[in-house]
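Listed here are the chains, written in short residue letters.
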Amino acid sequence: MLLELNDVSLELKRDGKYVRILDQISFQVNKGETVGIVGESGCGKSMTALSIMKLLPEKAKLSGSVKFNNDEVTKFSRREMEKVRGNKMSMIFQDPLTSLNPLHTVGRQIEETLVLHTKLTKEQRRERVIQLLKEVGLPRAEELAMEFPHQLSGGMRQRIMIAIAMACNPSLLVCDEPTTALDVTVQAQILELMNHLKKVNDMGIIMITHDLGVVAEVCDRVVVMYAGKIIEEADVKELFLNPKHPYTKGLLESIPKLGVRKEKLGSIPGMVPSPDKMPAGCRFYERCSSAMDICKGAVPPIQSVGENHATACWLYDGKRGEQNGTTGSKGLKTALHH
Ligand code: SF4
């Protein structure tokens with residue numbers, strides 16, 4: 001197991017009081033596996049990534065367990081975390097322009113990571129920079145290393161970010177909407193590059209996205225989040241063919257399908273509840289067309305609904321619906337793996 005989250009909750013201070021942004025998040029990532037985290041904005045996807053990387057505001061309250069290579073990340077000191085971040089685990093953000101320093105050449109920015117985490121000599125670092133630029137598919141690597149971010153296209157800049165993230169051969173790469181700012185053709189090339197790098201380096205990848213097309217392209221497994229909770233988890237094919245949770249079904253209905261003519265694509269009415277006004281029962285209650293009385297007051301337990309497939313919805317409670325295997329509220333990981 002490369003990464004294991006168990007009952008991770010996060011509280012942030014807003015307007016003088018703490019609000020719960022993540023609620024008992026549990027999932028795992030194996031070596032050589034890409035796990036997608038999907039959901040609308042504000043569902044907690046990015047906060048989950050920042051919790052794993054421990055890139056949280058000073059007053060944030062993080063609880064539960066985040067194990068990376070069997071080490072408890074939540075107990076790491078700032079210095080220990082700095083050694084791991086950018087080295088064993090790296091992160092790529094949506095907008096490379098804001099992540100890159102406009103005043104330094106791209107070669108120097110890749111080299112900085114090597115200075116920080118390796119004992120390579122100046123000459124070895126130079127060679128590694130050129131090798132990385134070639135690995136991420138950039139042309140004329142020697143010249144390019146001397147150029148500045150503004151001289152490159154959006155796709156090239158994102159390749160530079162990937163080169164920086166890959167500089168120390170991380171075992172985990174966390175990507176937060178890495179292709180959202182790119183046009184479709186460049187997006188496809190970047191996703192292909194990430195698939196290639198994952199295979200070559202046997203890395204685990206967390207792919208945070210609101211785009212189910214990206215999920216279908218690169219993910220092995222998918223975690224669906226809603227209002228700070230995981231509400232469904234399944235292998236990618238299973239999720240697309242056999243979604244269970246009404247929210248996941250709504251998400252899938254909102255994307256166009258090849259060969260299927262539809263007058264209008266589906267959309268989910270209503271808004272995600274705000275973290276300081278979470279409903280007592282199912283958080284999707286106000287927007288759910290299948291809602292029942294029980295959903296209003298009781299949080300649905302997470303239960304197995306098939307092989308490697310679990311969801312949190314009262315429709316699948318053993319006493320009420322189609323289903324099997326109620327596992328109480330032990331968490332999605334337990335539901336999936338026991
Ligand atoms: Fe809808 Fe109830 Fe399932 Fe929530 S628990 S998604 S309200 S059916």
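Residues numbered from 1 in each chain as written. Predicted model: local features only at pLDDT ≥ 70, side-chain atom pairs only at ≥ 80, totals over all residues. Heavy atoms only, no water.

1. With respect to the site of the ligand
Stated precisely, the cut-off is as follows: Residues are labelled near a given molecule or strand when at least one of their non-hydrogen atoms is within 4 Å of it. Each residue is assigned to one class: nonpolar for Ala, Val, Leu, Ile, Met, Phe, Trp, Tyr, Cys and Pro, charged for Asp, Glu, Lys and Arg, and polar for all the others, Gly among them.
Contacts to the ligand come from 13 residues, most closely from C282, C288, C295, C313 and W314. Counted by class, the shell around the ligand contains 11 nonpolar, two polar and no charged residues.

2. Some words on the environment of E217
Keep this limit in mind: Numbering goes from the N terminus for both helices and strands, where a helix is a DSSP run of H or I of at least four residues and a strand is a run of E of at least two. In what follows, residue pairs with any heavy atoms lying within 4.5 Å of each other are defined as contacts.
Along the chain, E217 falls in helix α9 (residues 212-218). As for E217 and E192, which are separated by 25 residues in sequence, their C-alpha atoms are 8.5 Å apart. Apart from residues lying up to four places away in sequence, E217 is in contact with L191 and N195.

3. Some remarks on the pairing of strand β8 (residues 204-209)
Working note: regular strand, side chains alternate between the two faces of the sheet. Formally: Partly exposed describes any residue whose relative accessible area lies between the buried limit of under 20% and the exposed limit of over 50%, with all areas from a 1.4 Å probe on protein chains only and scaled to the type maximum. Two strands qualify as a pair provided DSSP detects at least 2 bridges between them. For a crossover, the right-handed case is the one in which the path from the first strand over the helix to the second runs clockwise, viewed with the strands pointing away from the viewer.
Burial analysis of β8 places six of its six residues in the buried class, which makes it a mostly covered element. Neither face of β8 is exposed, since G204, I206 and I208 on one face and I205, M207 and T209 on the opposite face are all buried. As defined by bridge partners, strand β7 (residues 172-176) adjoins β8 across five bridges and the pair is classed as parallel. Within the sheet, the bridge partner assigned to V174 lies in β8 and is I206. Handedness of the β7-helix α8 (residues 184-201)-β8 crossover: right-handed.

4. Notes on the side chain of E147
Where we set the bar: Whenever two N or O atoms come within 3.5 Å, that pair is a polar contact, provided that in protein one can donate a hydrogen and the other can accept it, and provided that, for residues adjacent in sequence, both atoms are side-chain atoms.
Structurally, E147 can be placed in the loop between α6 (141-144) and α7 (154-166). A polar contact is formed between the side chain of E147 and the side chain of R140, at a distance of 3.0 Å. Those residues in contact with E147 that lie beyond four places of it in its chain are T105, V106, R140 and L152.

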